Protein chains: 2
Amino acid sequence: MTTDQDCPGLLPEPTVAELRLEAVLHALADPTRLRIVADLAAVGGDELNCLAFELPVTKSTLTHHFRVLREAGLIRQHRRGTSKMNTLRAADLSARFPGLLDAVLVAAGPCFTTPKPAAR
Amino acid sequence: MTTDQDCPGLLPEPTVAELRLEAVLHALADPTRLRIVADLAAVGGDELNCLAFELPVTKSTLTHHFRVLREAGLIRQHRRGTSKMNTLRAADLSARFPGLLDAVLVAAGPCFTTPKPAAR
DNA sequence: CTCGTAGTTTGACAGATGTCGTAGTACGGC
DNA sequence: GCCGTACTACGACATCTGTCAAACTACGAG
């Protein structure tokens, strides 16, 4: 019961059907996580490793936040070498909660008014 | 400058400019509060007293949740007699975070797909 | 004035949450 | 094989959160 492919290194995540609104909202309600999501949206679908974010927290805390985001279904993570790449599950979220992510991103950062033009 | 009018019995609430995204998301992330918001949206702008909601919590807890919602700017409360009337600040929210409330309501209740047509 | 209804306040409490530091694991480069 | 980088796991901790019960206030009806 996960979108889990055989794709090696992909970490477990909820399927589109498993996405829970409360979990998504809760994940987005934290400033650090909201910032991560906004940053991911800003790069328009590209991958970012966990340390690519300049956040005022330690690595442990970052790991924690990334897990919350992944378990809520907001991001996808898979290992690549020693790094872990993160992507926003924009399409999955739109499929399950139409308009929600867009509205949050617009509200979060007036700069990212054009979050996901056409994949990368 | 809160939206506070001289309207007697109106409880303090944030102005549109004071609405904080995190606070709104946090307020919506709780099932009880989400339910309250969805119920308010369902009646299309009418007022509901606090006990009009059939929720599995005590009055104290309800008071707590209503305060969180009001302080986050999601609802407006004003006293009327011994009751306290609650209304959703749909217009204010749309002004500050366009599409957000709508997206959440659609995501929350498939039943309320037409949340605020034009009052009921 | 007395009573009942509606809601508030306070205190308590268990559980979740965000944070850190330290130690540990996994992988690539040498 | 050894080391450094990137991330994880674990434990600790303070704070926050949702919940309740009991006592209190506010208002209207009678």
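Being a predicted model, the structure only gives us computed values, none of them experimental.

A. A look at the nonpolar core. In terms of nonpolar packing, the biggest core is built from 70 residues, with Leu74(A), Leu100(A), Leu74(B) and Leu100(B) touching the most fellow members. Contacts of Leu100(B), omitting those with residues within four sequence positions, involve Leu100(A), Ala103(A), Val104(A), Leu21(B) and Val24(B).

B. Geometry of the protein's contact with DNA strand D. In the neighbourhood of DNA strand D, 23 residues make up the surrounding shell, with Leu51(A), Thr63(A), Lys84(A), Arg33(B) and His65(B) lying closest. The sugar and phosphate moieties of DNA strand D supply 70% of its atoms located within 4 Å of the protein. Within the side chain of Arg33(B), an N or O atom sits 2.7 Å from a phosphate oxygen of DNA strand D. Only helix 3 (59-72) and strand 3 (83-88) of chain A together with helix 2 (31-42) and helix 3 (59-72) of chain B provide two or more residues apiece to the surface near DNA strand D. Across the surface near DNA strand D, the residue classes tally to four nonpolar, 14 polar and five charged.

C. Region of interest: the interface of chain B and chain A. With 16 residues of chain B at the contact, the number on the chain A side is 16 residues. Across the chain B to chain A interface the summed buried area is about 1300 Å²; carbon plus sulfur atoms make up 82%. It is Leu21(B), Glu22(B) and Leu25(B) that lose the most area in chain B upon contact with chain A, and together they represent 34% of the buried surface on that side. At the junction of chain B and chain A, the tally comes to zero salt bridges.

Rules of the game
- Residues numbered from 1 in each chain as written.
- Chains lettered and ligands numbered in written order.
- Predicted model: local features only at pLDDT ≥ 70, side-chain atom pairs only at ≥ 80, totals over all residues.
- Heavy atoms only, no water.
- Core = buried A, V, L, I, M, F, W, Y, C linked by side-chain atoms within 4.5 Å.
- Buried < 20%, exposed > 50% of the residue type's maximum accessible area, 1.4 Å probe, protein only.
- Contact = heavy atoms within 4.5 Å.
- Near = heavy atom within 4 Å.
- Polar contact = N/O pair within 3.5 Å; in protein donor to acceptor, adjacent residues only side chain to side chain.
- Helix = DSSP H or I, 4+ residues; strand = E, 2+ residues; numbered from the N terminus.
- Nonpolar A, V, L, I, M, F, W, Y, C, P; charged D, E, K, R; others polar.
- Buried area = accessible area lost by both parts, 1.4 Å probe.
- Salt bridge = Lys/Arg side-chain N within 4 Å of Asp/Glu carboxyl O.

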